[in-house]
Amino acid sequence: MDKSFTERRRRELLVAACLTVAAALVPLFVKNPNVQNIMILTLMFGALSQSWNILSGYCGQISLGHALYFGLGAYTTTLLFTKFGVPPWFGMLAGGAISALIALALGYPCFRLGGHYFAIATIVIAEIGLLLIQNWEWAGAALGIEMPVRGDSWLKFQFARSKLPYFYFALALACVAWFVTWWLEDSKWGYWWRAVKDNPDAAQSLGVVVFDSKMGAAAVSAFLVAVGGSFYAMYVSYIDPGSVMGFQFSLLMALPAVLGGIGTLWGPLLGAAILIPLTELTRSYIGGSGRGVDLIVYGTLIVVIALARPEGLIGLFSRRKGASR
Amino acid sequence: MTITRRDVLLGAAATAALMPLAARAQTSEVVIGATYPLSGAGAQVGVDAQRAFETAVDIINNDQDFDLPLAKGLGLPGLGGAKIRLVYADTQGDPQKGRAEAERLITQEKVCAILGSYQSAVAVTISQICERYQTPFLSADNSSPSLHRRGLKYYFRASPHDEMFSAGMFDFLDAMKKKGAKAETLALFHEDTIFGTDSANAQTKLATERGYKIVADIKYRANSPSLSAEVQQLKAANADVLLPSSYTTDGILLVKTMAELGYKPNAIVAQAAGFSEKALYDAVGDKLEGAITRGSFSLDLAAKRPMVGKINDLFKAKSGKDLNDNTSRQFMAMIIMADAINRAKSTDGEKIRDALAATEMSGEQTIMPWKRVKFDEMGQNNDADPVLLQYVGGKFVTIFPSQAAVADAIWPMK
Amino acid sequence: MTAETIIQSLASGLLMGLLYGLIAVGLALIFGLMDVVNFAHGEFLMLAMYVTFFLFTFFAIDPLLSAPLAAAALFVLGAVVYLVIVRFAMRAKANVGMVQIFATFGLAIVMRGLAQLFFTADYRSVPNSWLGGKTVSVAGIFLPQPQLFGALVAIAAFGGLYLFINRTDFGRALEATREDPGAVALVGIDKNRVFALGWGLGAALVGLAGAIMASFFYIYPDVGASFALIAYVTVALGGFGSVFGAFAGGIVVGLVEATTALVLPPSLKSVGIYAVYLLVVFIRPRGLFGSM
């Protein structure tokens, strides 16, 4: 078993490397900015969902408040840049660190809560964060903050028309999130999480370890999501509370993982690869009617996928490969 | 060298392949994009905007006897009678989606200009993208004062912004005070969004400058399930004038809650938005007899300028509603943009931009109470004066400024 | 701040709180029955408001009278949603919880889209209902009649629900199915029938709430979103699955909301609700009245 396990993990790494190279080549052939935008968003939400999956999928703590960390990343980067001239690269790390610390501080009381109580606690904490920023004058309050756009610059991570730098950053972020997941799967944390998720009571006998592993998952997850938020702020170059910290982001992080396969290595990326283009294309091509048809199509697909593939779309692949987890 | 049949065929094929380009250069149609929320909370405004743009396009593309630019004759004469085609995009009120849609309209739908966008937050990102692609963006109905102060070359706004609107409101209050009306203390009631914040900031500044006392400044969460606590504070403050900056939903709830909690303000002077929407008056009009709102538009103008009434009829046939604060501005945005494209004689972004910058349209050539349309170096039209309208007997009557007024203000409200 | 202001705040908060309770109780009932959180609950409310609005517009039926009709319409909707969607979501072998959340979440989006398609995005309201805009004034304290009526309906509904669950055969079947769905099959109770009726009942309760709301609130396709989060917090605060908890949770939420606005800027008044929720669950992880 040990040997086949190691072999499977090696194969996963190989598949990931091939996919990365393939993805990296795509923009050389696809120049359409609209398609590139969809690819960037897909990679970004894939990475976000992968990060969400660490806490909610592997560790089983369903968070519907990850928009908090996304927003914290976006705001930290933007505020440091616009108020103090700190390049966004540092802002990203600072936002990640702040988010991880806040995740630990919040995790301390929240991880005692079970199931839906935990999920609702995460929603209301993110809402409190949103309301506080919305009323915080120095941080732009409701007016939001616009990034001054002054020509292309790697240091400031700003590019007027070219989408390639954003694309490769999003790709790198997706790779990092995937690799962290891959690596954690086989770490002692990975085993603890599965134990916590499958049987919290039995895992309790492991004592303090359970709590610590949840805290670890929360910190890693929050850090990566905040980096995603920083990226989003740089990419859109304007943020306001509702557009980076709204509840819809919490759902958008959870949806790809759920549709693709929650608690699986490939699920979030697969889910994002289907969901994000679908969202963008339905809005672009049928949203213009102003009659809500895009919502009907989008919602119906979510219902159908959730019902038809409860284990996630990844189930379509694993059966064939016989390597379902 | 002899020309073979194959060469001829190749040549024909090459010509055919180049045809679309050539055709585009001549332009039998001009594509203009409109970015609006077409689903979600702001959808009603976006859907109404579609009707307003269609009304304007009908007038431009067909032969109509109005004293509007381009009404007479077919299409755009400057481009050989080219017709305007509109492409809509749904922003869902989200800055990122607005940005993506603007980029798609420019690069894929090949629009030569964009109109938008209701929410000011979305206008920020759309105008950025337009700047990057050198495509003119004309704000039809965004009223955040910061929008035109960002040094963008391709940003234009023909209608007033919140500071101009608020100044109009305070000019009116000054005039009322001179006549002896009681208007010393003010209560601000505004939502916690860009619109509410900008409006309240402008009003606070003007109140301080002109010596009014703000006795309550209530910021509330947009779309709250209940406004009882907020209304109670308004009631306790009991200001001479209530200045609400609310959209339709909260406006309806505000007026209903005021009635339920027995608060009857002395006077209401609203920052339009919900207070210029038919839906609000359908719901609570009976409680708003004598309420005043600032507006960019007044149907009273039809008496002086008959085409206003006729255009209103055209719009009403499409939408079932009268032109209002938003739809009139959207209508004019399309006319102004088409006029600029016509004068540019081109669909090239830079040429349209220069033509827009050179716009000089007299007030009589619009359906608005504006002096004229002329953009300053930041792209803002400073000659668009707001009017104040009072809701009397089920319709709006213009009461200010005096040159546009058809009646005196009833003060205090009933 | 005068005593009158405080009393008025508490009175308004209490009335609103009872309504929050009525909106939330259907959610609590459905959750208690089968551990399902209906993420389309706000949209059920929206639909009930539209039903009331159209009954008023086309047949001049006052919201007071159409409340039972709205409840009946929502009963049918609830049962159909169970039979067509939730029944299948519950069959999922893997991560049932998430499948349910997203199946009902997808349904919520579809319902909003359908509402926009058929009812348009326009804001509607019932302009002249019997109670709309009327108010009772006692010693300077104003009690709006629609909310007063809503509070009475809420109390009656909770009383009725209590009797129904504890005193009728169907109620006992609900309780038994909830406790052990496998065993009830042995005694000849059709689990699906009980669940469908439970969903119908839960939806009917929010239908009742929607009819009352329609007499003083605006109506548009996204209106449910304003109430959905409050309903979830109300249910969780009271304790998932506890019908009485939803009742108590509603009152607490209403009172906290009103009093927060006395001390903080009103734009932050939901922060008070959220903070109280967190405080309660940190002390009692199963809410006020949740079973352990």
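Residues numbered from 1 in each chain as written. Chains lettered and ligands numbered in written order. Predicted model: local features only at pLDDT ≥ 70, side-chain atom pairs only at ≥ 80, totals over all residues.

1. Considerations on the UniProt feature "domain: Leucine-binding protein" (unreviewed entry) in chain B
What UniProt calls "domain: Leucine-binding protein" (unreviewed entry) maps, in this numbering, to residues 30–372 of chain B. Helix makes up 45% of residues 30–372 of chain B and strand 16%, whereas the separation of the span's terminal C-alpha atoms amounts to 25 Å. (UniProt positions renumbered as here; feature names shortened; annotations may be inferred. Helix = DSSP H or I, 4+ residues; strand = E, 2+ residues; numbered from the N terminus.)

2. Focus on the interface of chain C and chain A
Of the residues lining the interface, 39 residues belong to chain C; the matching set on chain A comes to 31 residues. Counting residues per element, the ones that place at least two in the side of chain C that touches chain A are helix H3 (63–89), helix H4 (96–119), helix H9 (225–238) and helix H11 (269–283) of chain C. No other element matches H4(C), which puts 14 residues into the side of chain C that touches chain A. Residues of the side of chain C that touches chain A, tallied by class, amount to 30 nonpolar, seven polar and two charged. (Contact = placed C-beta atoms within 7 Å. Nonpolar A, V, L, I, M, F, W, Y, C, P; charged D, E, K, R; others polar.)

3. With respect to the confidence of the model for chain A
All names here are of chain A. When the pLDDT values of chain A are averaged, the result is 87; 93% of them are 70 or greater. No element of chain A has a lower mean pLDDT than helix H14 (residues 315–321), which averages 63, and none a higher one than helix H3 (residues 67–84), which averages 95. Under a pLDDT of 50 for its full length, residues 320–325 has, in the predicted model, five contacts with residues more than four places off or in other chains. (pLDDT = per-residue confidence, 0-100.)

4. Quick look at the interface of chain C and chain B
You'll often see interface size given as the accessible area lost when the parts meet. Contact with chain C, which involves 31 residues of that partner, is made by 32 residues of chain B. Broken down by secondary-structure element, the contributors of at least two residues to the side of chain C that touches chain B are helix H1 (3–34), strand E1 (135–138), strand E2 (141–144), H9, helix H10 (243–263) and H11 of chain C. Considering every element that reaches the side of chain C that touches chain B, the biggest residue donor is H1(C), with five residues. Class assignment of the residues belonging to the side of chain C that touches chain B gives a composition of 15 nonpolar, twelve polar and four charged.

5. Some points on the nonpolar core
Formed by 360 residues in total, the largest nonpolar core has its most connected members in Met44(A), Ala170(A), Met337(B), Val25(C), Leu74(C) and Leu208(C). Each of two domains, domain 1 (22–160 + 302–383) and domain 2 (163–295 + 388–400) of chain B, supplies a minimum of three residues to this core. The contacts of Leu74(C), once residues within four sequence positions are left out, are Phe44(C), Leu47(C), Ala48(C), Ala203(C), Ala204(C), Val206(C) and Gly207(C). (Core = buried A, V, L, I, M, F, W, Y, C linked by C-beta atoms within 7 Å. Buried ≥ 20, exposed ≤ 12 C-beta atoms within 10 Å, placed from the backbone. Domains from an automatic or database assignment.)

6. Remarks on the pairing of strand E10 (residues 292–295) of chain B
Residues and elements named next belong to chain B. Here E10 shows no split at all, with Ile-292 and Arg-294 on one side and Thr-293 and Gly-295 on the other all buried. Bridging between strand E9 (residues 269–270) and E10 involves two bridges; their strand directions are parallel. Following the sheet pairing, Val-269 is matched in E10 by Ile-292. For the segment spanning E9, helix H9 (residues 278–284) and E10, crossover handedness is right-handed. Sheet analysis places E10 next to strand E13 (residues 387–392), joined by four bridges and oriented antiparallel. Paired with Arg-294 across the bridge in E13 is Leu-388. (Pairing = 2+ DSSP bridges. Right-handed = clockwise from strand over helix to strand, strands pointing away.)

7. Notes on the UniProt feature "transmembrane region" (unreviewed entry) in chain A
Residues and elements named next belong to chain A. Following the UniProt record, one finds the feature "transmembrane region" (unreviewed entry) at residues 12–30, 92–111, 166–184, 215–239, 251–276 and 296–317. This span, residues 92–111, is 95% helix and 0% strand, and a straight line between its end C-alpha atoms measures 27 Å. Along residues 296–317, the helical share is 73% and the strand share 0%, with 28 Å between the first and last C-alpha atoms.

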